[in-house]
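Summary of structural features
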Amino acid sequence: MLEVKNLHKVYDGHGRRVTAVGDLTFSVPEGQFACVVGPSGCGKTTLLRVLAGLLPATAGEVRVQDAPVTAPPPGLAVVFQEYGRSLFPWLRVRDNVELPLKAQGIARAERRKLATDALAAVALSDADGAYPWQLSGGMQQRVAIARAIAFQPKVLLMDEPFAAVDAQTRADLEDLVRSVWQRLGVTLLFVTHDIDEAVYLGQRVIVLSASPTTVAEDLAIDLPADRDQLTTRSDPRFTELRSQVYARIRKVTAPASEGAPA
Ligand SMILES: Nc1ncnc2c1ncn2[C@@H]1O[C@H](COP(=O)(O)OP(=O)(O)OP(=O)(O)O)[C@@H](O)[C@H]1O
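Residues numbered from 1 in each chain as written. Predicted model: local features only at pLDDT ≥ 70, side-chain atom pairs only at ≥ 80, totals over all residues. Heavy atoms only, no water.

Moving on, we come to the domain arrangement of the protein chain. Entries for the protein chain in the domain assignment read domain 1 (2–75 + 153–253) and domain 2 (87–152). Between domain 1 and domain 2, the C-alpha centre-to-centre distance is 25 Å. Counting residues at the interface gives 15 residues for domain 1, matched by 11 residues for domain 2. Each partner contributes to the roughly 930 Å² buried at the junction of domain 1 and domain 2, and carbon and sulfur atoms together form 78% of this total. Considering only the side of domain 1, the residues that lose the most area to domain 2 are Pro 153, Leu 173 and Leu 176, jointly responsible for 43% of the buried surface there. Summed over the shared surface of domain 1 and domain 2, the number is zero salt bridges. Taken together, domain 1 and domain 2 are joined by one residue pair in polar contact (both at pLDDT 80 or more). When contributions to the side of domain 1 that touches domain 2 are tallied by element, the ones reaching two or more residues are β7 (155–159) and α6 (167–184). Among the elements that make up the side of domain 1 that touches domain 2, the one with the highest residue count is α6 (seven residues). (Domains from an automatic or database assignment. Contact = heavy atoms within 4.5 Å. Buried area = accessible area lost by both parts, 1.4 Å probe. Salt bridge = Lys/Arg side-chain N within 4 Å of Asp/Glu carboxyl O. Polar contact = N/O pair within 3.5 Å; in protein donor to acceptor, adjacent residues only side chain to side chain. Helix = DSSP H or I, 4+ residues; strand = E, 2+ residues; numbered from the N terminus.)

Rendered as structure tokens:
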């Protein structure tokens, strides 16, 4: 369960004051897959950083699993876009996946089992002895996902995790994330620039306005739970939903004068 109540975030420094988040309120119930889309710079990454306990809110409150966030919450994992920077190049794949488990004090045999299962889930069993820089971008991102899965989070935050991979890998990773979500029953908040991706993945799409950010639209995605890249994306309902989200984004990014009477 995630709760964001009247979140307000201002960056203040070096003579520059930026209101990244205006007044944001929404919650994500236990086990839901929610996607967040919004114009560039509207504060999506800021929102995730506050939820992950990496950045303090200026005002308002965020709660994860019923507890106010003041530091990285237990049971929460984050997968960032920049997998290149999130994996340790001097550690082999398996050691990268086991590292957060070690930090949690999980015994060696249990760590090995969790890492083995997670690497199998992302089809990387063969790569466990490789270093991250020996892998392709898509494989590195699968390692980052395996690390999050092995941690067995209750809440998973993903910040544009597939922005830097090619289209085919992206489609595969989307399906991987949906199957992981279905298997783990994790509460998932997924930030993306890609409207089609948000509609394909989520049970719900939250559209944010341009800064100072608020929720512009909160749309239930009533597509069947069994999704696949061909059938789902050619479903007329998919097209309808993506058009709704697209229209809403256009509205929130349009200059204030657009559409006003002459
Ligand atoms: N550390 C920082 N210091 C000052 N301003 C910042 C900082 N981080 C972000 N900002 C500003 O806050 C606003 C929101 O940034 P943020 O990265 O959260 O948006 P975003 O929606 O994730 O952007 P994008 O979609 O382009 O990734 C932007 O105006 C940005 O310039």
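It is the contact of helix α3 (residues 93–103) with helix α4 (residues 108–121), at a shortest axis distance of 9 Å, that shows an interaxial angle of 125°. One way to sum up the angle between α3 and α4 is to call them oblique. Of the two possible hands of crossing, α3 and α4 adopt the one that is right-handed. Listed contacts from α4 to Val 93, Arg 94, Val 97, Glu 98, Leu 101 and Lys 102 of α3 are Arg 111, Arg 112, Leu 114, Ala 115, Thr 116 and Leu 119. Grouping the amino acids of the contact of α3 with α4 by side-chain chemistry returns six nonpolar, one polar and five charged. (Axes fitted to C-alpha atoms, helices over the stretch in contact; angles between N-to-C directions. Parallel < 35°, antiparallel > 145°, perpendicular 65-115°, else oblique. Left-handed = near helix turned anticlockwise from the far one by under 90°. Nonpolar A, V, L, I, M, F, W, Y, C, P; charged D, E, K, R; others polar.)

One can find Arg 94 in helix α3. You can call Arg 94 buried: its relative accessible area is 10%. At a separation of 3.4 Å, a polar atom in the side chain of Arg 94 contacts the main-chain carbonyl oxygen of Arg 112. Setting aside residues up to four positions removed in sequence, Arg 94 forms contacts with Arg 112, Ala 115, Thr 116, Leu 119 and Asp 128. (Buried < 20%, exposed > 50% of the residue type's maximum accessible area, 1.4 Å probe, protein only.)

The subject of this paragraph is the site of the ligand. Inspection of the region around the ligand gives 14 residues, with Ser 40, Gly 41, Lys 44, Thr 45 and Thr 46 positioned closest. Here Ser 40 contributes a side-chain N or O atom positioned 2.6 Å from an oxygen atom of the ligand. Between the ligand and Gly 41 there is a distance of 2.9 Å, counted from an oxygen atom to a backbone nitrogen or oxygen. The fraction of the free accessible surface of the ligand (630 Å²) that becomes covered by protein chains is 63%. Within the residue set of the shell around the ligand, elements represented by two or more residues are β2 (16–28) and α1 (44–51). (Near = heavy atom within 4 Å. Areas by Shrake-Rupley, 256 points an atom, 1.4 Å probe, with all protein chains shown as cover.)

Next up on the list: unusual backbone geometry. The step from Ser 211 to Pro 212 runs through a cis peptide bond, and the omega angle for that step is 0°. Mapping Pro 212 onto the fold places it in the loop between β9 (204–208) and β10 (215–220). Not every positive phi belongs to a glycine, and Ala 123 is a case in point at roughly 55°. Residue position: Ala 123 is located in the loop between α4 and α5 (137–150). Given a relative accessible area of 57%, Ala 123 falls into the exposed group. Phi is positive for Gln 152, which is not a glycine, with a value near 50°. Within the secondary structure, Gln 152 is located in the loop between α5 and β7.

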